[in-house]
Amino acid sequence: MASVQVSLPLPVLPEGWAGEKDFKAIGHLSHATDRNIEPVGPHFLAHARRKRHKRTFSEDDRIQAQSNVKKVEDDDAGEISEPEDPLMLQREAKDWKNQDHYAVLGITKYRWRATEDQIKKAHRKKVLKHHPDKKAAAGQAQDDQFFKCIQKATEVLSDPVRRRQYDSVDEAADVEPPTKKETQKGNFYKLWGRVFEAEGRFSKTQPVPKLGNEKSTKEDVEHFYNFWYNFDSWRTFEYLDEDVPDDNENRDQKRHVERKNQNARRKKKTEDTARLRKLVDDALALDERIKQFRQAENAQKNKRRLEKEAEQKRLAEEAAKQKELEAKAKAEQEAADKANREVAKKAKEAAKNAAKKNKRVVRGAVKDANYFHSGGDAPASQIDAALNDVDHIILKIDNEELAALTAKLSGKKNGGEITQVFKDEVQRLVEAGKLKEGEAKSLA
Amino acid sequence: MSPEKDPAQRVAIGISFGNSYSSIAFTTGEGKAEVIANEDGDRQIPSILSYVEGEELHGGQAKAQLVRNATNTVAYFRDFLGKEFKSIDPSPCHQSAHPVQHDSTVAFNIRDTPEEKENAVTVADITTRHLKRLRISASDYLGKHVNSAVITVPTNFSDAQKDALNKAAKAAGIEVLQFISEPVAAVLAYDARPDAKQADKIVVVADLGGTRSDVAVIASRGGIYTVLATIHDYEVSGFQLDQVLMDHFSKEFMKKHKTGGDPRENDRSLAKLKLECEAVKKALSIGSSANFSVESLAGGLDFTATINRSRYELLASKHFAAFARLVTHAVEKAQLDPLDISEVILAGGNSHTPKTASAVQNAFPESTKVLAPSTSTTAINPNELSVRGAAIQASLIQEFELEDIEQSTHPMVTVTPHLSHAVGVLCISGDESTGVFHAIVDAETPLPVRRTALIATPREGGDVLIKLCEGARHIKVTKPEPKAKQAKDDSDDDSDDESDDEEELREKTWKVGKVLSEAALRGLKKGAKVEVQINIGADLNVNCIFREVGGKGGVRGLLSGPKSQQNGSA
């Protein structure tokens, strides 16, 4: 904030004014009001920073300035050039095929991960350091071999096609697969993860799935191995080609070399594919997770089978129990039925006997009533008719009625009374519609 | 970490979500806010959604549907968000889909699917759809997937409303980094201009919108803003200006066509009339006359008419006056005097109208700068003020973690003690024998604060006395003449000083005479200047340094806060 400019002059110090160190505190500020400031704008952010970190103005200024300076430095120091190996400095530029281009540019920690920008910056830095003119100015011998190496390295690495060719054979970027022994010490994921990460640089499909760790899900692990068994590699071996002679020398020779190169490339590619295949096989064989998944699966299967068996057994037992119960119930039922039948039979026989007896009584009563004939011995016709009618009545009535009739007749010896009883009975039967009018004439 | 949560993956924009219009803006690499035009080329996108056979129309296309498809067009819904049905004012929606009660919230019954079935769509859903369209427009324009935003809201937006808006935004795929209030965003938009000078000032932001007017009085102290007072009015609005024109043209129409009938009585005619009147109003802000022309306005009759600006200003004068009154009322509410106000920022579409600006200018003294297109050539388009502020804020905070933003906007940080009185030094001037108060730190400045001032010395140099004192902020109703004169005197004395109003106050406070400290600087050179640095802590401790510019040594002093001091002297 720009300072306030006051153009009015200050008063002159009055005579005799004195204070300790020329300063006199007199009053104090009045109380402040609390208000909400709006959390908006760059100055608020500065305020919030000061308040949250409890900094004063000057502290905050200093810290901010420092952090700004640091940022610039970091940007600059982003491409730290690695110290050069003295042996490397003595390289001949002719031998560029065998040089480590990344080492020459001082970016071995990035290698295939280096961006184009990083390569450019690294190149610039190396050029500044190793330019032959500079060396000449410093009084050193005219030696531009390493400078040529640098130029060659940049030439290779800045062309995407040639860089891939070089990356394909850049053995320094390879990670040796660990031996079985090393793996069994327990750091499978760390050791093999590095291997797969390094191999993954050849994949046409990016990103490459990670090896993961012991907590990875089955899907992830399966996906990982499927990916590696179907690996699509861009790795080529053109970089290792023998130099093809100029075409104006000997055409046949040239074609021969070309063919040789072709075959060599194909062979190397096949070998590489086989190598990778074996590598994945090895990893798979050592991967604890696969075993665990298999065990888990087996356990799951066994569990399911056992459960099924137990279920079946339980069902069979239940069925047997059920059957037994049913049989028992049936037997009981049968016994009860038999008893019931016998009782019913006896009752029926008793009823039959009773009815017989009643019929006898009724018939006897007819005889007692002199066959309903009034006075003297009844003629044969009368007897016949009376007996027929009574039989007819007996036939019409059921056992209970018969019993009732018998009860009425019992103890009655008088012919008139008996006749009356029979008449009543006939009357009742006629009313009930069991007997037609005119039947049992002898009782009419 | 999801891409939305990761500050590095964030693409943040500013969104101004208004009742009538919305706009979107982003900040360019150079830190300049730029307003984004949508597919139709509109920078002011009407906050309207319309459905035709299940197809969603948005913005200007939806606005055109107000005539033919009013019941299926949702407009002016912002203020309904997060409110209960019983507390909303549905009158702006009279000519579009009407709000209905739905559970405890507000919904609209619209046919928004191809099945042509009426669905109750809640206002939150409508907002989500609207924000989604804004997000898509911004993404298309930027070529990047926009996933976060700073959204401006009125100062009286409740927490529930903010919450509802936050949810709606989240559903639309926007992570709300922060809600900032519209007037503050407007001030920020002006302060973020590269040529803007940092000054202590009090700013009035007057927003004359379509359905409501909001006025806020904001103290800007070293780029930190404090809202001193706000006023909201739902009567004084741009609609009323439209209404004036609608009435005028209806009368003209009826005068010309006796058989046509009143176009205000037919829904479709009314909608046509309204759309055209809004266009006429906008045209009148630019030109001195405008054409009104509607085909088949009412009864199949076409109507064409012309209106000039003075006629319009005459017709709407009472509304302009009402707006000016509203602004001055807000100043009164902040217990300030119009002289205290350094700037009036006019926001909202109706600020384009020259009469609005002149009416406000008339309510304030000449020392007050009115920032509107008609009064200031450097004014920012009033429609774009808040969205620009939001975009700037978005660019400032987009690399912060959400948690960081939350902590920074926490009351622990935002609640700050503000100076109740100005603090300054005593100078001498020709006609004042006792001295003239000069503010170094203004009242309402949030603490802690650090300020420096350069003060002239007597011509001959020598020893000087520096008296630090307090200027009381009691605004007494004094006669306007001496006030004006005082202000004029000061501006003559030091024209570069922004705070003319403070000198006006100084007269009174100086007489109150709250001297804080005295210090002496001895043996000053001829024509030397004295630098005074004041540090006031949140505990009201004052740390001051007085020294000669270019000289050695100096005087330091410490004043302790009132709590540790005996209160007898006050």
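Here, the structure is the one placed above.
Read on for an overview of the structure. As the structure is a computational prediction, the values presented were derived from the model and not from experiment.

Cut-off values and rules
Residues numbered from 1 in each chain as written. Chains lettered and ligands numbered in written order. Predicted model: local features only at pLDDT ≥ 70, side-chain atom pairs only at ≥ 80, totals over all residues. Heavy atoms only, no water. Helix = DSSP H or I, 4+ residues; strand = E, 2+ residues; numbered from the N terminus. Buried < 20%, exposed > 50% of the residue type's maximum accessible area, 1.4 Å probe, protein only. Contact = heavy atoms within 4.5 Å. Areas by Shrake-Rupley, 256 points an atom, 1.4 Å probe, with all protein chains shown as cover. Core = buried A, V, L, I, M, F, W, Y, C linked by side-chain atoms within 4.5 Å. Axes fitted to C-alpha atoms, helices over the stretch in contact; angles between N-to-C directions. Parallel < 35°, antiparallel > 145°, perpendicular 65-115°, else oblique. Left-handed = near helix turned anticlockwise from the far one by under 90°. Pairing = 2+ DSSP bridges. Buried area = accessible area lost by both parts, 1.4 Å probe. Salt bridge = Lys/Arg side-chain N within 4 Å of Asp/Glu carboxyl O. Polar contact = N/O pair within 3.5 Å; in protein donor to acceptor, adjacent residues only side chain to side chain. Patch = residues over 30% accessible without salt bridge, like charges linked within 9 Å, V, L, I, M, F, W, Y side chains within 5 Å. Lys, Arg positive; Asp, Glu negative; His and termini not counted. Charge placed at Lys NZ, Arg CZ, Asp CG, Glu CD. Expected span 1.5 Å × (residues − 1). Arc of directions from axis to C-beta.

**Brief notes about the overall build of chain B**
Stage number 1. Looking only at helices and strands, one finds 14 helices and 28 strands in chain B.
Stage number 2. Residues counted as buried form 57% of the 570 residues belonging to chain B.
Stage number 3. Considering only residue pairs separated by 6 or more positions, chain B has 63% of its internal contacts joining residues 24 or more positions apart.
Stage number 4. Total accessible area computed for chain B in this model is approximately 24100 Å², and 48% of it derives from carbon and sulfur atoms.

**Thoughts on the nonpolar core**
All names here are of chain B.
Stage number 1. Ile-13, Ile-15, Phe-108, Ile-151 and Leu-165 are the most contacted members of the largest nonpolar core, which totals 45 residues.
Stage number 2. Element by element, the count of residues in this core is highest for helix α2 (residues 123-142), at six residues.
Stage number 3. Excluding residues that lie within four positions of it along the chain, Ile-15 makes contacts with Ser-23, Ile-24, Leu-131, Leu-134, Ala-149, Val-150, Ile-151, Thr-152, Ile-174, Val-387 and Ala-390.
Stage number 4. The next biggest cluster of nonpolar side chains, apart from the first, holds 40 residues, and it includes Ala-25, Ala-186, Ile-224 and Ala-379.

**As for the packing of helix α13 (residues 288-368) of chain A against helix α14 (residues 380-396) of chain A**
Any two packed helices are characterised by the angle at which their axes cross and by the distance between the axes.
Residues and elements named next belong to chain A.
Stage number 1. Two elements in contact, α13 and α14, have axes separated by 10 Å at closest approach and are oriented at 150°. Put simply, α13 runs roughly antiparallel to α14. Regarding α13 and α14, the two cross each other, and that crossing is right-handed. Contacts between α13 and α14 involve Lys-359, Val-362, Arg-363 and Val-366 from the former and Ala-386, Leu-387, Val-390, Asp-391 and Ile-394 from the latter.

**With respect to the environment of Glu-118 of chain B**
Stage number 1. Among the structural elements, Glu-118 of chain B can be located in the loop between β9 (105-110) and β10 (119-122).
Stage number 2. Excluding residues within four positions of it along the chain, Glu-118 of chain B makes contact with Asn-109, Ile-110 and Arg-111 of chain B.

**Digging into the sheet that holds strand β19 (residues 369-371) of chain B**
Within a sheet, adjacent strands bond to each other through the backbone by hydrogen bonds, running parallel or antiparallel.
All names here are of chain B.
Stage number 1. What the five strands build is an open sheet, ordered β15-β14-β13-β18-β19; its pairing is mixed. In this open sheet, the two strands that pair with only one neighbour each are β15 (224-233) and β19. Adjacent strand axes in the sheet meet at a mean angle of 20° when their direction is disregarded.
Stage number 2. Here three bridges tie strand β18 (residues 343-347) to β19, and the two strands are oriented parallel to one another. Bridge pairing links Glu-343 to Lys-369 in β19.

**Considerations on the interface of chain B and chain A**
Stage number 1. On the chain A side, the residues contacting the 92 residues of chain B number 46 residues.
Stage number 2. Interface area for chain B against chain A, summed over the two sides, is near 6400 Å², with a carbon-plus-sulfur share of 61%.
Stage number 3. At the junction of chain B with chain A, the criterion picks out two salt bridges.
Stage number 4. Glu-444 of chain B is the partner of Arg-35 of chain A in a salt bridge, and the nearest nitrogen-oxygen pair spans 2.7 Å.
Stage number 5. The tally of links from chain B across to chain A stands at 15 residue pairs in polar contact (both at pLDDT 80 or more).

**Focus on a positive patch on the surface**
Stage number 1. A cluster of basic residues, Lys-348, Lys-352, Lys-356, Lys-357, Lys-359 and Arg-360 of chain A, forms a positive patch at the surface.
Stage number 2. Inspection of the secondary structure puts Lys-352 of chain A in helix α13.

**A few points about helix α11 (residues 218-229) of chain A**
Residue and element names in this part refer to chain A.
Stage number 1. Helix length check: α11, at twelve residues, gives a terminal C-alpha distance of 16 Å against a target of 16 Å (1.5 Å per residue), a fit within 8%.
Stage number 2. Listing the buried residues of α11 in full gives Val-221, Phe-224, Tyr-225, Phe-227 and Trp-228. Projected onto a plane normal to the axis of α11, the buried residues spread over an arc of 155° and lie on a single side.

**Details of unusual backbone geometry**
One can expect most non-glycine residues to show negative phi and most peptide bonds to be in trans.
Residues and elements named next belong to chain B.
Stage number 1. The omega torsion of the bond from Leu-447 to Pro-448 falls at 0°, within 30 degrees of zero and hence cis.
Stage number 2. On the secondary structure map, Pro-448 appears in the loop between β22 (436-441) and β23 (449-456).
Stage number 3. One non-glycine residue, Glu-53, lies in the positive phi region at around 50°.
Stage number 4. Along the chain, Glu-53 falls in the loop between β5 (48-52) and β6 (55-58).
Stage number 5. Judged by relative accessible area, which is 64%, Glu-53 ranks as exposed.
Stage number 6. A positive phi angle, near 70°, is found at Leu-540, a position not held by glycine.

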